[in-house]
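Remarks on the overall topology
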Amino acid sequence: MVTNSQSPTLSTESLTSLPPTDAKARVSQFMKNLQDEITQALEKLDGVAEFQEDSWERPEGGGGRSRVLRDGAIFEQAGVNFSEVWGSHLPPSILTQRPEAVGHKFYATGTSLVLHPRNPYVPTVHLNYRYFEAGPVWWFGGGADLTPYYPFAEDAAHFHKTLKQACDTHHPEYYPVFKRWCDEYFYLKHRGETRGVGGLFFDYQDGRGTLYRGPNPDGEAAKYSNQLGAITPRGWEDLFAFAQSCGGAFLNAYVPIVERRHKIEYGDRQRNFQLYRRGRYVEFNLVYDRGTIFGLQTNGRTESILMSLPPLVRWEYGYRPEPNSPEAELYETFLKSQDWVNWVPSHT
């Protein structure tokens, strides 16, 4: 888990910005509704398989609903989870970021998903939105990102434009900061490449100070955010509305891409490359992913935490894409940070 030496300390001002008394119930209901909305839409889209639900309880407090769809017409495996947990203290992965939460009981709820399509021309996608309270400390976090196996710039542009529209209804600087933060977060340092084409990522949003609250003071997200300085304070209701808009934008961002690509014919070459690239997903989720680390450190349900891993995957020693191939284009263009919102189709 990365640490953030720049995490803001709790100020007197933020103590006056406490959540409403029904905050936990309202966010929990939204997260459940988001899970319901997405699973119903994905079942309709797949047309063959249905989600199976496992409800679970956490001995220390809380529980969740794990829903997994397997062996569908479109999705080889799709997991959409809701969790709501509480306890006496936050795990080290959070306290290193928010030391002012030490000594407080905590509450956390969220919805997360990872969809692994069967067709290599359909991208994998991830979403997670979450909310924390620990005494007077509270924040929203989350985001969504797209991981294609084959390069379709119009898909990346559509995904980003849809998320940007959701952000822009709340603040014009949300997307510029959180897009850069996403590129920075979903980056495999040991590979020197992004996991995919990004999307949104934000954390520790309590409506105060600067927008970027991440661990890299020299990164593009921090540089852009620092130029803005501390923006106008936003309250709990503002941040909750923002999280709702982002969650609600997911289906519009992803479903049209699936509908465009899932009937494209493919062969062994494309399938083998998809399985190889899935290995990067496994590497990121087991080495860097905050949600995985938090779940394991808080004694969450292991099957639910690791449902993000693909059902089939392969590694190949020393793989190099064939020059001038679609696979090479993925590496050369799509696994580097791009301004997808302003992408313009080529007329050549």
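For the structure itself, look to the data block above.
So, a few notes on the structure that sits alongside this text. Numbering of residues starts from 1 in each chain and follows the order in which that chain's sequence is written. Predicted model: local features are reported for residues with pLDDT of at least 70 only, side-chain atom pairs are reported and counted for 80 or more only, and whole-chain, interface and lining totals are derived from all residues. Where side-chain values are given, they derive from all heavy atoms of the structure, hydrogens and water being excluded.

Further remarks concern a nonpolar patch on the surface. Patch criteria: residues need more than 30% relative accessible area and no salt bridge. Like-charged residues are merged within 9 Å; nonpolar side chains of Val, Leu, Ile, Met, Phe, Trp and Tyr are merged within 5 Å. Only the protein chains shown count as cover for residues, with accessible areas throughout obtained via the Shrake-Rupley method and a probe of 1.4 Å. Within this document, salt bridges are pairs made up of a side-chain nitrogen of Lys or Arg and a carboxyl oxygen of Asp or Glu, the two lying within 4 Å of each other. Side chains of L286, V287 and L306 sit close together on the surface and give an oily, nonpolar patch of about 240 Å² of accessible area. Helical segments are the DSSP runs of H or I of at least four residues, strand segments are the runs of E of at least two, and each set is numbered from the N terminus. Here L286 is to be found in helix 9 (residues 268–287).

Attention now goes to the side chain of T194. Assignment of secondary structure puts T194 in strand 8 (residues 193–194). Whenever a nitrogen or oxygen atom comes within 3.5 Å of another N or O atom, the pair is scored as a polar contact, on the condition that within protein one atom can donate a hydrogen and the other can accept it, and that pairs from neighbouring residues in sequence are kept only if both atoms are in side chains. Polar contacts involving the side chain of T194 include one to the main-chain carbonyl oxygen of L335, which spans 3.0 Å. Residue contacts are defined here by distance: any two heavy atoms, one from each residue, within 4.5 Å place the two residues in contact. Apart from residues lying up to four places away in sequence, T194 is in contact with D183, F186, Y187, L188, R277, F334, L335 and K336.

Before going further, it helps to spend a moment on the pattern of salt bridges. Evaluation of the coordinates by the stated rule reveals 25 salt bridges. Here D36 makes a salt bridge to R67, at a shortest N to O gap of 2.8 Å. Taken together, the residues span a long stretch of sequence, with D36 in helix 2 (residues 23–46) and R67 in strand 2 (residues 62–70) at a distance of 31 residues. Taking the shortest distance from any N to any O, the salt bridge between R314 and E316 comes out at 2.7 Å. Burial here depends on accessible area, computed with a 1.4 Å probe over protein chains only, as a share of the maximum for the residue type. Under 20% is buried, over 50% is exposed, and the range in between is partly exposed. Exposure remark for R314: the relative accessible area of 25% places this residue in the partly exposed category. The structure contains a network of salt bridges with shared partners spanning D36, E53, R65 and R67.

Right, let's talk about helix 6 (residues 220–228) for a bit. If you check which residues of helix 6 are buried, you get A221, A222, Y224 and S225. With its buried residues spanning 165 degrees around the axis, helix 6 presents them on a single face. Looking at helix 6, the residues exposed on the side facing more than 90 degrees away from the buried face are E220, N226 and Q227. Along its buried surface, helix 6 packs onto helix 5 (174–185). With its phi angle positive at about 75 degrees, G229 sits one or two positions after the end of helix 6. Directions are taken from the helix axis to each C-beta atom, and the arc is the one they span.

The subject of this paragraph is the nonpolar core. A general trend in soluble globular proteins is that nonpolar side chains are found buried together. Here, nonpolar core means buried Ala, Val, Leu, Ile, Met, Phe, Trp, Tyr and Cys residues that are tied together by side-chain atoms lying within 4.5 Å of each other. Grouped together as the largest cluster of nonpolar side chains are 81 residues, with contacts concentrated most on F75, L115, F140, F178, F250 and Y254. Ranked by residues supplied to this core, first place goes to helix 2 with 8 residues. Discounting chain neighbours no more than four positions away, the residues touching F140 are V27, R130, Y131, F202, D203, Y204, Q205, W236, L239, F240 and A243. Within the second largest apolar cluster, 13 residues are counted, among which are I94, A101, A108 and V137.

Lines fitted to C-alpha atoms define the axes, with helix axes restricted to the stretch in contact, and inter-axis angles between N-to-C directions lie between 0 and 180 degrees. At a minimum axis distance of 9 Å, the contact between helix 4 (residues 153–168) and helix 5 shows a crossing angle of 135 degrees. With respect to helix 5, the axis of helix 4 lies oblique. Crossing hand, helix 4 versus helix 5: right-handed. Between helix 4 and helix 5, the residues in contact are H160, K164, C167 and D168 and Y174, Y175 and K179, respectively. Split by residue class, the contact of helix 4 with helix 5 holds 3 nonpolar, 1 polar and 3 charged. Oblique is the label for every angle not falling under 35 degrees (roughly parallel), over 145 degrees (roughly antiparallel), or within 65 to 115 degrees (roughly perpendicular). Working rule for handedness: look at the near helix, and if it is turned counterclockwise from the far one by less than a right angle, call the crossing left-handed; if clockwise, right-handed. Here the term charged refers only to Asp, Glu, Lys and Arg, the term nonpolar to Ala, Val, Leu, Ile, Met, Phe, Trp, Tyr, Cys and Pro, and the term polar to all other amino acids, Gly among them.

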